[in-house]
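# Structural overview for review
In case you want the letters, here they are:
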Amino acid sequence: MPKRSASATPGEENKDGPLPQYSELAIRTNIGILEYSRTCQAAASGMAAGILGLTGVSGFLFYVICVLVQAAVWELKAGLDWRTFFLDRTLSVGHSIVGGLFTYILFWVFLYGMVHVY
Amino acid sequence: MSGGSWSTLVRSLCFIGLISLIHCAYSAAQHRSYLRLTEQEFTRLPADILLQTIVSLVLICYSAAHVAGDFLPIRADTQVRTKSWDTVGNCPSFYTFDHRAKSLSPYFAADLRPQ
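Quick caveat, the model's predicted, so the values are computed rather than measured.

Now for the overall build of chain B. The secondary structure content of chain B amounts to five helices and zero strands. Ordering the α and β elements of chain B from the N terminus gives α-α-α-α-α. Radius of gyration (C-alpha) of chain B: 32 Å, far over the 13 Å computed for a compact globule of 115 residues. The principal-axis extent of the C-alpha atoms belonging to chain B is close to 110 × 40 × 20 Å. Buried residues in chain B amount to 23% of all 115 residues. In chain B, the share of contacts with a sequence separation of at least 24, taken over all contacts with a separation of at least 6, comes to 68%. Total accessible area on chain B is roughly 8,700 Å²; 62% of this is exposed by carbon and sulfur atoms. Counting 10 positive and 8 negative side-chain charges, chain B places the centres of these two groups 7 Å from one another.

On to the nonpolar core. Most often, soluble globular proteins keep nonpolar side chains buried together rather than apart. Within the largest apolar cluster, 25 residues are counted, with the highest numbers of intra-cluster contacts made by Ile51, Phe62 and Tyr104 of chain A together with Leu57 of chain B. For this core, the leading source of residues is helix α1 (residues 24–52) of chain A, giving seven residues. Aside from chain neighbours lying at most four places away, what touches Leu57 of chain B is Ala44, Ser45, Ala48, Phe62 and Cys66 of chain A.

Each partner contributes to the interface: chain A provides 39 residues, whereas chain B provides 33 residues. Between chain A and chain B, a total of about 3,200 Å² is buried, with carbon and sulfur atoms accounting for 75% of that surface. Joining chain A to chain B, the criterion identifies seven residue pairs in polar contact (both at pLDDT 80 or more). For the side of chain A that touches chain B, the secondary structure elements donating two or more residues are α1, α2 (57–77), α3 (82–85) and α5 (97–117) of chain A. Sort the elements by how many residues they give to the side of chain A that touches chain B and α1 of chain A lands first, with 16 residues. Grouping the amino acids of the side of chain A that touches chain B by side-chain chemistry returns 26 nonpolar, ten polar and three charged.

With that out of the way, let us pick up the confidence of the model for chain A. Regions with low pLDDT should not have their predicted coordinates read in detail. Residues and elements named next belong to chain A. Averaged over chain A, the pLDDT score is 85; the fraction of residues at 70 or greater is 86%. The secondary-structure element of chain A with the lowest mean pLDDT is strand β1 (residues 13–14), recorded at 52, while α2 shows the highest, at 94. Predicted confidence is poor over residues 1–12, with pLDDT under 50, and the contacts of this stretch with residues over four places away or in other chains come to 18 contacts.

Let us now look at the UniProt feature "transmembrane region" (unreviewed entry) in chain A. Residue and element names in this part refer to chain A. If you check UniProt for "transmembrane region" (unreviewed entry), the listed places come out as residues 47–73 and 93–115 in our numbering. Between the C-alpha atoms that bound residues 47–73 there is a distance of 19 Å. The span itself is 85% helix and 0% strand. Secondary structure content for residues 93–115 is 91% helix and 0% strand, and the end C-alpha separation is 30 Å.

Moving on, we get to helix α2 (residues 47–67) of chain B. When the terminal C-alpha atoms of α2 of chain B are compared, their 30 Å separation across 21 residues agrees well with the 30 Å that a helix rising 1.5 Å per residue should span. Gly69 of chain B occupies a position one or two residues after α2 of chain B and carries a positive phi of about 115°.

Overall, the coordinates contain seven aromatic pairs over all chains when judged by the stated rule. Taking 5.1 Å as the distance between ring centres and 85° as the angle between the ring planes, the aromatic pair formed by Phe86 of chain A and Phe71 of chain B counts as edge-to-face. Placement of the pair is Phe86 of chain A in the loop between α3 and α4 (91–94) and Phe71 of chain B in the loop between α2 and α3 (76–81), with the two residues belonging to separate chains. The buried category is assigned to Phe71 of chain B, whose relative accessible area is 8%. These aromatic residues form a ring-pair network of at least three members: Phe60, Tyr63, Tyr104 and Trp108 of chain A. Cation over ring: Lys77 of chain A sits above Phe71 of chain B, and NZ or CZ is 5.2 Å from the ring centre.

This next bit is on the pattern of salt bridges. All names here are of chain A. Applying the stated criterion to the full structure yields three salt bridges over all chains. Residue Glu75 is joined to Arg89 by a salt bridge in which the shortest nitrogen-to-oxygen separation is 3.0 Å. Placement of the pair is Glu75 in helix α2 and Arg89 in the loop between α3 and α4, with a sequence separation of 14 residues. We classify Arg89 as partly exposed; its relative accessible area is 38%.

Rules used in this analysis
Residues numbered from 1 in each chain as written. Chains lettered and ligands numbered in written order. Predicted model: local features only at pLDDT ≥ 70, side-chain atom pairs only at ≥ 80, totals over all residues. Heavy atoms only, no water. Helix = DSSP H or I, 4+ residues; strand = E, 2+ residues; numbered from the N terminus. Rg over C-alpha atoms; globule rule 2.2 N^0.38 Å. Buried < 20%, exposed > 50% of the residue type's maximum accessible area, 1.4 Å probe, protein only. Contact = heavy atoms within 4.5 Å. Areas by Shrake-Rupley, 256 points an atom, 1.4 Å probe, with all protein chains shown as cover. Lys, Arg positive; Asp, Glu negative; His and termini not counted. Charge placed at Lys NZ, Arg CZ, Asp CG, Glu CD. Core = buried A, V, L, I, M, F, W, Y, C linked by side-chain atoms within 4.5 Å. Buried area = accessible area lost by both parts, 1.4 Å probe. Polar contact = N/O pair within 3.5 Å; in protein donor to acceptor, adjacent residues only side chain to side chain. Nonpolar A, V, L, I, M, F, W, Y, C, P; charged D, E, K, R; others polar. pLDDT = per-residue confidence, 0-100. UniProt positions renumbered as here; feature names shortened; annotations may be inferred. Expected span 1.5 Å × (residues − 1). Phe/Tyr/Trp six-rings, centres within 6.5 Å; stacked < 30°, edge-to-face > 60°. Lys NZ or Arg CZ within 6 Å of the ring centre and 35° of its normal. Salt bridge = Lys/Arg side-chain N within 4 Å of Asp/Glu carboxyl O.

Below, the structure written as structure tokens:
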């Protein structure tokens, strides 16, 4: 089945040649993959931070380290060719970083309470 | 990489990582209660629990990224250039099928009888 394109008239010219056409399905799928694995990473790193007994600034630093590790995992998954799969270069580090932070804090506090308090 | 065995491998890796992390949580809780019983201070976890936690975290991050499926290339125009019309224009729902055996039907001859 041919993919639907997101741009204007096919074959339209601008000064740099024909406009690129993007597959909506591919863009949506790729962002969905990032979202799924960001949530898993935030949950798992929150659990690890709670288990390790991290508190305060070191906990947030641990989150930053895990975000960078996840960025490396995604870059590897894309075969170091990010532009083939995504429009925005900063997504590997910055995708859903605040949403992930909230999930991280949730699991961090919960596991810290479970392991070190009770 | 074959699709089915790769996806089961990655799913089982994710599951193993999760079980390992839960095991670390249990070990850390046990360690804390041991320290409380022997009235020692808690400074840090033993090295083996620490190592197991880090390894299972990295395992979960890696396998979760692969469980979600493959990345699809987003450029529709450059992809299509390498494919033939037979591949792209193939639409199985629109196949037509004709056969001479319809002439064996009892209702077929009625339409051909000369007037």
